[in-house]
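# A structural walkthrough
Next come the chains, spelled out residue by residue.
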Amino acid sequence: MTSDKLLDKIIFDIHNGVYSHGKLLPSELTLAEQYGFTRYEIRKMYEKLEDMGYVTSKKGVGRYVRNKNNRFFIPQDGLSFSERVSMQGKKLETLNVGFREIKSRAQDTKEAHRWR
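Residues numbered from 1 in each chain as written. Predicted model: local features only at pLDDT ≥ 70, side-chain atom pairs only at ≥ 80, totals over all residues. Heavy atoms only, no water.

### Brief notes about the overall build of the protein chain
When helices and strands are tallied, the protein chain shows 5 helices and 2 strands. Going from the N terminus to the C terminus, the protein chain shows its helices and strands as α-α-α-β-β-α-α. When burial is assessed residue by residue, the protein chain has 22% of its 116 residues classed as buried. Considering only intrachain contacts with a sequence separation of at least 6, the fraction spanning at least 24 residues in the protein chain is 50%. (Helix = DSSP H or I, 4+ residues; strand = E, 2+ residues; numbered from the N terminus. Buried < 20%, exposed > 50% of the residue type's maximum accessible area, 1.4 Å probe, protein only. Contact = heavy atoms within 4.5 Å.)

### Some words on the nonpolar core
Formed by 17 residues in total, the largest nonpolar core has its most connected members in Ile10, Ile14, Ile42, Met45, Tyr46 and Leu49. Those elements giving two or more residues to this core turn out to be α1 (3-15), α2 (28-35) and α3 (39-51). Looking at this core element by element, the count peaks at 5 residues for α1. With near-sequence residues (within four places) excluded, Ile14 lies in contact with Tyr19, Tyr54, Val55 and Val65. (Core = buried A, V, L, I, M, F, W, Y, C linked by side-chain atoms within 4.5 Å.)

### As for the packing of aromatic side chains
Tallied over the entire structure, the rule returns 0 aromatic pairs. Positioned over the ring face of Tyr64 is Lys58, at 5.5 Å from the centre of the ring. (Phe/Tyr/Trp six-rings, centres within 6.5 Å; stacked < 30°, edge-to-face > 60°. Lys NZ or Arg CZ within 6 Å of the ring centre and 35° of its normal.)

### Structural notes on the pairing of strand β2 (residues 62-65)
Across 4 bridges, strand β1 (residues 55-58) lies against β2 in antiparallel orientation. For Thr56, the partnering residue across the bridge sits in β2 and is Tyr64. (Pairing = 2+ DSSP bridges.)

### A short note on the environment of Ile11
Examined against the element boundaries, Ile11 turns out to sit in helix α1. A residue is classified by how much of its surface remains accessible, and Ile11, at 3% relative accessible area, is buried. As for Ile11 and Val55, which are separated by 44 residues in sequence, their C-alpha atoms are 9.9 Å apart.

### Quick look at the pattern of salt bridges
Using the criterion set out here, one finds 7 salt bridges in the structure. Note that Glu28 is salt-bridged to Arg39, the shortest N-O span being 3.7 Å. Placement of Glu28 in helix α2 and of Arg39 in helix α3 is noted, with a sequence separation of 11 residues between them. Of the residues examined, Glu28 reaches a relative accessible area of 10% and is grouped as buried. Residue Arg63 pairs with Glu50 through a salt bridge whose shortest N-O separation is 3.7 Å. Within this pair, whereas Arg63 is found in strand β2, its partner Glu50 is found in helix α3, the two being separated by 13 residues in sequence. Under the relative-accessibility criterion, Arg63 is labelled buried at 15%. Relative accessible area serves as the criterion here: at 28%, Glu50 is assigned to the partly exposed category. (Salt bridge = Lys/Arg side-chain N within 4 Å of Asp/Glu carboxyl O.)

### A look at the packing of α1 against α3
Relative orientation of the contacting elements α1 and α3 amounts to 45°, with a least axis distance of 10 Å. With respect to their mutual orientation, α1 and α3 come out oblique. When the axes of α1 and α3 are compared, the crossing they make is right-handed. When α1 is examined against α3, the residues Ser3, Asp4, Leu6, Leu7, Ile10 and Ile11 are found in contact with a partner set consisting of Ile42, Met45, Lys48 and Leu49. (Axes fitted to C-alpha atoms, helices over the stretch in contact; angles between N-to-C directions. Parallel < 35°, antiparallel > 145°, perpendicular 65-115°, else oblique. Left-handed = near helix turned anticlockwise from the far one by under 90°.)

Spelled out as structure tokens, the structure:
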């Protein structure tokens, strides 16, 4: 397992409630021993999680999961969204959605003056 895959796994676990809001994450040493990484690699991974807003740290205590329910998880394993959903035994439905441009009043006013 690469460190990016471990990062994805922890993010996935956060999104699926394995590590819930306010829960203390495993220590650097615990993860290093469990997955065969150095503590430095685990520390860098935790720093990425902090930068992404998933965890917060307390010096001398550890890292806690932050409340970020609206965060979107993009795994690094190369699977598409459709493949990932299919692996979970779920079905997708495609909807065609139209769109139209909505102009601001300022744009309408400028165009109106331009054509006078």
